[in-house]
Amino acid sequence: MKRLIALLLICMIGACIFAGCEDEKKAPVPEATEQAAEEPTEAPRNTYEIPTKLAVMKYPEQWKDIVTVEAQDTEPYTVTFSAYGVKVFELFFNGTEGDLLGTLITDEGQYLVMTKMAKVKESSKHYEDYRNIQEDVNVILENFAKDYTFIPGVDAREDNQEVFAISTSIGELYYPVKWKDRIMIDVTDSKVSFSSEGVPLFDIMIGGEEGNLVGRYDGTNILIVDYPLEDETMKNMQEDVNIILNHLQEDEKFVLA
């Protein structure tokens, strides 16, 4: 389900590390000397600190001499990562632009963290570095979770948690009040459709097999159908289906798939 499923799974945030393994045939170890094999562990990556006005970021040390980091005290607060003279990605704090990563909570405040990844040309001689630099945004998020409170995939700021109820055949669903004046909701026994300005955002299917299965309510399939969008605000409205799912999990009848 593209970005929505990614958000549901983002609680497992970690760096994207790919490793290949090749099976080898080994001679039997005599029983008297056989020892339990230990699973190899991934060595922790060395990081360096990037102080900012809002929080200290930790980023892989391997990029320290390659990546240039610039913080801009603007609205929203923006941190730009560049390499070889090219902007690679940006992080926005309490902005509305980009893809939602989660909510950072520090002693100083609560910040919605968004990112925008630059499109890099495969023909560039630094293409692999650009892609790895982008993927290593996960290292920043991992350390946010260690050093502060980081809630992935949702806007968890207290001031933005007000929701309104939508009556459905499986009880009330809860969606952010901040979108109430922009959202159109059509409810039937088997489907709850969300749209904005005539553009379909997502459907919550109650029963059946259509869509991406996200859980079951009292044994009934709950599925999500999402639609391709270009508008960034509408994408954020679409991603807030996760708020609905978070509240559904408070009901003991709902079980995540």
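Residues numbered from 1 in each chain as written. Predicted model: local features only at pLDDT ≥ 70, side-chain atom pairs only at ≥ 80, totals over all residues. Heavy atoms only, no water.

So, the packing of aromatic side chains
Any pair of aromatic rings gets described here by the distance separating the centres and the angle formed by the planes. Tallied over the entire structure, the rule returns eleven aromatic pairs. Ring geometry for Tyr77 versus Phe93: centroids 6.2 Å apart, planes at 65°, classification edge-to-face. On the criterion of sequence distance, the pair formed by Tyr77 in strand S4 (residues 77-83) and Phe93 in strand S5 (residues 86-93) is long-range, its members being 16 residues apart. Phe93 shares its class with Tyr77; the two are buried. With a centroid separation of 5.9 Å and 70° between ring planes, the pair formed by Tyr84 and Tyr130 is classed as edge-to-face. Placement of Tyr84 in the loop between S4 and S5 and of Tyr130 in helix H2 (residues 127-135) is noted, with a sequence separation of 46 residues between them. Every member of this aromatic cluster is reached through a ring pair, and the members are Phe164, Tyr175, Phe194 and Phe202. (Phe/Tyr/Trp six-rings, centres within 6.5 Å; stacked < 30°, edge-to-face > 60°. Helix = DSSP H or I, 4+ residues; strand = E, 2+ residues; numbered from the N terminus. Buried < 20%, exposed > 50% of the residue type's maximum accessible area, 1.4 Å probe, protein only.)

Brief notes about the confidence of the model for the protein chain
Mean pLDDT over the protein chain works out to 85, with 82% of the residues at or above the 70 mark. Every residue in residues 1-37 is under pLDDT 50, and counting partners more than four places away or in other chains gives 44 contacts. (pLDDT = per-residue confidence, 0-100. Contact = heavy atoms within 4.5 Å.)

Topic: the pattern of salt bridges
Counted according to the given criterion, the structure contains eight salt bridges. Of the charged contacts, one joins Glu197 and Arg182 as a salt bridge, the two residues approaching to 3.3 Å between their closest N and O atoms. Here the residue Glu197 occupies a position in the loop between strand S12 (191-196) and strand S13 (199-206), and Arg182 occupies one in the loop between strand S10 (171-176) and strand S11 (184-187), the gap between them amounting to 15 residues. (Salt bridge = Lys/Arg side-chain N within 4 Å of Asp/Glu carboxyl O.)

So, the nonpolar core
General note: in soluble globular proteins, nonpolar side chains tend to be found buried as a group. Counting residues in hydrophobic clusters, the biggest one holds 29 residues, and the most contacted among them are Met57, Tyr59, Phe81, Leu91, Phe93 and Phe144. Put simply, the parts of the chain that give this core at least two residues each are strand S1 (47-51), strand S2 (56-60), S4, S5, strand S6 (99-105), strand S7 (110-117), H2 and helix H3 (137-147). In contact with Tyr59, other than residues within four places in its own chain, are Asn46, Thr47, Tyr48, Ile50, Val67, Phe81, Phe89, Ile133, Asp136, Val137, Val139 and Ile140. Listed in part, the 25 residues of the second largest apolar core include Tyr175, Trp179, Ile183 and Ile244. (Core = buried A, V, L, I, M, F, W, Y, C linked by side-chain atoms within 4.5 Å.)

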